[in-house]
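Report on the structure
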Amino acid sequence: MDKPGNLTRIYTECSNGYHKIDDFRAKLLGFLPLASATGIFGTLYIDSKTVMSGNHIALGLFGALSTIGLLVYELKGILKCTQFIFLGRWIEAILNKDIYVAVNEKEISKKIPGFFTELLEDVFMTRVVVEPVASAFVYSTVLASWVYIIFLKSCVYKWVIPAMVFLAVFSGIYVYWKIIFKKIKRAYDTKTQGISSVG
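From a predicted model like this one, the values you see are computed outputs, not experimental measurements.

What follows is about the overall build of the protein. When helices and strands are tallied, the protein shows 6 helices and 2 strands. Going from the N terminus to the C terminus, the protein shows its helices and strands as α-α-β-β-α-α-α-α. By residue count, 33% of the 199 residues in the protein fall in the buried class. Taking contacts inside the protein between residues at least 6 apart in sequence as the whole, the part at least 24 apart equals 80%. Roughly 12,400 Å² of accessible area belongs to the protein as shown, and the carbon and sulfur atoms make up 67% of that amount.

This paragraph deals with the pattern of salt bridges. Under the defined criterion, the tally for this structure stands at 2 salt bridges. Here aspartate 23 and lysine 27 are joined by a salt bridge, their closest N and O atoms 3.3 Å apart. Pair noted here: aspartate 23 and lysine 27 are both in helix α1 (residues 3-46), with a separation of 4 residues, about one helical turn. Its relative accessible area of 55% is what places lysine 27 among the exposed residues. Two residues, arginine 25 and glutamate 74, come together in a salt bridge whose shortest N-O distance is 3.0 Å. Taken as a pair, arginine 25 in helix α1 and glutamate 74 in helix α2 (residues 48-95) lie far apart in primary sequence, 49 residues in all. Taking the relative accessible area as the measure of exposure, glutamate 74 reaches 1% and is therefore buried.

Thresholds, definitions, all that
- Residues numbered from 1 in each chain as written.
- Predicted model: local features only at pLDDT ≥ 70, side-chain atom pairs only at ≥ 80, totals over all residues.
- Heavy atoms only, no water.
- Helix = DSSP H or I, 4+ residues; strand = E, 2+ residues; numbered from the N terminus.
- Buried < 20%, exposed > 50% of the residue type's maximum accessible area, 1.4 Å probe, protein only.
- Contact = heavy atoms within 4.5 Å.
- Areas by Shrake-Rupley, 256 points an atom, 1.4 Å probe, with all protein chains shown as cover.
- Salt bridge = Lys/Arg side-chain N within 4 Å of Asp/Glu carboxyl O.

Structure below.
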């Protein structure tokens, strides 16, 4: 059985799966705030009398529950993308062969990192500039906006409750991502170390 060939096909599927999910999540992150802003500001300024008559609670609940539903889907997407990243790096560790490059007229052995390996080797990218942080900002902001609509007639709670919702949702998404990241990292690091010790 051609092991490298099989791994290459699995790697291709892994890469395709990651990019498909990542692309859909990116589109959703762009669409969600746009649709929410249109619904919120459009209703407030175009039909403000209807909103202030009491329908703002129903509107806010609809928006908040819809956002929560999409957030659950996003959390699943974060999990799948993280799994794809570590699976891709694990396969790259197996398939990566020494190649020889000319440096100052001398040939040296050099490892060429793959796409997933580079994602995980960039410390700044794996801790700060990541999709889950963007998701945390977008979903917490949108959900807080809908909660603001629910408490629109309350002079005090319409500011306090949305702020608490923003902090809770943002923290929840970030902590969730860090937990699954560390859990998956431990599992795949064990496998990668086994490959390195054999090689």
